[in-house]
Amino acid sequence: PDVMMSGFAGKAEEIVSMFDSFTIEQQNHVLRELLGRCKPFQLKMLLSEWKPLMAFDFVECLSKDLTERIFLWLDERSLCHVACCSNLWRKRANSDVLWKAMCARKGWLKFGSNKCLFQPVATTQSLSPTRTSQPFLQFTTAVSLSPATCHWKNVYMRAHQLDRNWNEGQYTVLPLLRGHTKRVSALDCDGVYIVSGSSDNSVRIWDLETHECSHVLENHTDEVTCIRIKVGLIVSGSADGVIRVFNASTGRLFGELKGHLSSVDCLAFDGNTIVSGSADRFVY
């Protein structure tokens, strides 16, 4: 047997040496002939041994920008599955470019700068959830990921959970805010305060944490038709055609903006500019 194996080894080495001396075309021809003579179990053995060596990780070979262009074709669920493939794939899928696009598809870009979305909400016994069959999703930082989850993926996860809570009725009803004596005609919120305007000609500032009315502003001479709050400023429009600007913390009147000849119907912030529209058909 040893002599036979020695003879086989010599022949095998000679065949391999001859194969190495062939051109690429000749080697391909020999391989086709050999594979055509293999039994099915031999082909299966070759496949199992060579398949891992033939695997090709395109993410490793492509630039980050090009990988992001490819991943942008995926939906949100598929992108999460991609992140489970390997550390490299998770790193490439953990991109603000990708997840900001995912948020844009859902109309959730408005949550990008909403700090309240990332803060836990403290509830008291006086607040009762509408459903208790399932707990609210709790986000934890106990598990440290490297790199950390990108900002827009965090936004997407929390906005998705918020959307699901609304759809499934898993939300908490806060105490009713009572104070206006007539119809509430305008509302806005900045995450700290709710501001409301009413047909009783007043503006009320409500503290979201205590659910109490902190200030009553009675400067308007007619119905409050629109209201906006931003960075501690409250801007309210009235049917008397005057826009009034207040401090949200103190309730102090900063000033009055006059110019419209009829009811101020809509207000908006554009950076540091206030834009108003009126029934007089003018925009200021």
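Moving on, we get to helix α8 (residues 96–106). Residues L98, W99, M102 and C103 constitute the buried set of α8. The buried residues of α8 all sit within an arc of 135° when viewed along its axis, so they share a single face. The inward-facing, buried residues of α8 contact α5 (64–71), α6 (76–82), α7 (87–93) and α9 (151–168). Residue S95 occupies the N-cap position of α8, its side-chain oxygen lying 3.2 Å from the main-chain nitrogen of V97. One or two steps after α8, the chain reaches G107, where phi turns positive at roughly 75°.

On to the confidence of the model for the protein, then. Counting all residues, the mean pLDDT for the protein is 84, and 87% of those residues have values of 70 or more. Ranking the helices and strands of the protein by mean pLDDT puts α8 first, with 94, and strand β1 (residues 128–129) last, with 48. When the criterion is pLDDT under 50, residues 122–128 qualifies, and its contacts beyond four places in sequence or with other chains add up to seven contacts. Scored below 50 in pLDDT, residues 131–142 shows 13 contacts in the model against residues more than four places distant or in partner chains.

The subject of this paragraph is unusual backbone geometry. The phi angle at N201 is positive, at roughly 75°, despite the residue not being glycine. Within the element layout of this structure, N201 appears in the loop between β4 (193–198) and β5 (203–207). Classification of N201 by relative accessible area gives partly exposed; the value is 25%. The phi angle at R281 is positive, at roughly 75°, despite the residue not being glycine. Relative to the elements of secondary structure, R281 occurs in the segment after β12 (273–278).

Moving on, we get to the side chain of E76. With respect to the helices, strands and loops of the structure, E76 is situated in helix α6. Buried charge E76 goes without a salt bridge, the closest partner of opposite sign being R105 at 4.4 Å. Ignoring any residue separated from it by four or fewer positions in sequence, one finds E76 in contact with W99, M102, R105, K106 and Y156.

Another aspect to go through is the pattern of salt bridges. A side chain with one charge may pair with a side chain of the opposite charge, provided their charged atoms come close. Applying the stated criterion across every chain yields a total of six salt bridges. Residues D240 and R244 are paired through a salt bridge, measuring 3.1 Å at the closest nitrogen-oxygen approach. One salt bridge in this structure joins K258 and E256, with 3.7 Å as the shortest N-O distance. In this structure E256 comes out as partly exposed when scored by relative accessible area, which is 36%.

This part takes up the sheet that holds strand β6 (residues 213–217). The four strands lie next to each other as β3-β4-β5-β6, forming an open sheet whose pairing is antiparallel. The sheet terminates laterally at β3 (184–189) and β6, the two strands that pair on one side only. Put simply, the sheet's adjacent strands are angled 15° from each other on average, direction ignored. Bridge count for β3 against β4 is five bridges, and the pairing is antiparallel. Along β4, the bridge assignment pairs D188 with V195.

To continue, consider the nonpolar core. Among the nonpolar cores identified, the biggest contains 18 residues, and F71, L79, A93, W99, C103, W108 and Y156 are the most heavily contacted of them. Elements supplying a minimum of two residues to this core: α6, α7, α8 and α9. Among residues more than four places away in sequence, those in contact with W108 are C103, W152, V155, Y156, A159, H160 and D163. Judged by nonpolar contacts, the second largest core, of twelve residues, contains A186, V203, V224 and I229.

The interhelical angle for the contact between α8 and α9, taken along N-to-C directions, is 30°, at an axis separation of 7 Å. Between α8 and α9, the angle falls in the class roughly parallel. Here the hand of the crossing between α8 and α9 comes out left-handed. Of the residues in α9, those in contact with D96, W99, K100, M102, C103 and K106 of α8 are H151, W152, K153, V155 and Y156. In the contact of α8 with α9, the residues fall into six nonpolar, one polar and four charged.

Here we come to the environment of H180. Locating H180 in the fold gives a position in the loop between β2 (172–173) and β3. Classification of H180 by relative accessible area gives buried; the value is 18%. In the structure, H180 is positioned 24 residues away from R204 in sequence and 8.0 Å away in space, judged by C-alpha atoms. Setting aside residues up to four positions removed in sequence, H180 forms contacts with S196, G197, S198, D200, S202 and R204. In this structure the side chain of H180 is engaged in a polar contact, spanning 2.7 Å, whose partner is the side chain of S196. Within the structure, the side chain of H180 is placed 3.2 Å from the side chain of D200, a separation counted as a polar contact.

Criteria and cut-off values
- Residues numbered from 1 in each chain as written.
- Predicted model: local features only at pLDDT ≥ 70, side-chain atom pairs only at ≥ 80, totals over all residues.
- Heavy atoms only, no water.
- Buried < 20%, exposed > 50% of the residue type's maximum accessible area, 1.4 Å probe, protein only.
- Helix = DSSP H or I, 4+ residues; strand = E, 2+ residues; numbered from the N terminus.
- Arc of directions from axis to C-beta.
- Contact = heavy atoms within 4.5 Å.
- Polar contact = N/O pair within 3.5 Å; in protein donor to acceptor, adjacent residues only side chain to side chain.
- pLDDT = per-residue confidence, 0-100.
- Lys, Arg positive; Asp, Glu negative; His and termini not counted.
- Salt bridge = Lys/Arg side-chain N within 4 Å of Asp/Glu carboxyl O.
- Pairing = 2+ DSSP bridges.
- Axes fitted to C-alpha atoms, helices over the stretch in contact; angles between N-to-C directions.
- Core = buried A, V, L, I, M, F, W, Y, C linked by side-chain atoms within 4.5 Å.
- Parallel < 35°, antiparallel > 145°, perpendicular 65-115°, else oblique.
- Left-handed = near helix turned anticlockwise from the far one by under 90°.
- Nonpolar A, V, L, I, M, F, W, Y, C, P; charged D, E, K, R; others polar.

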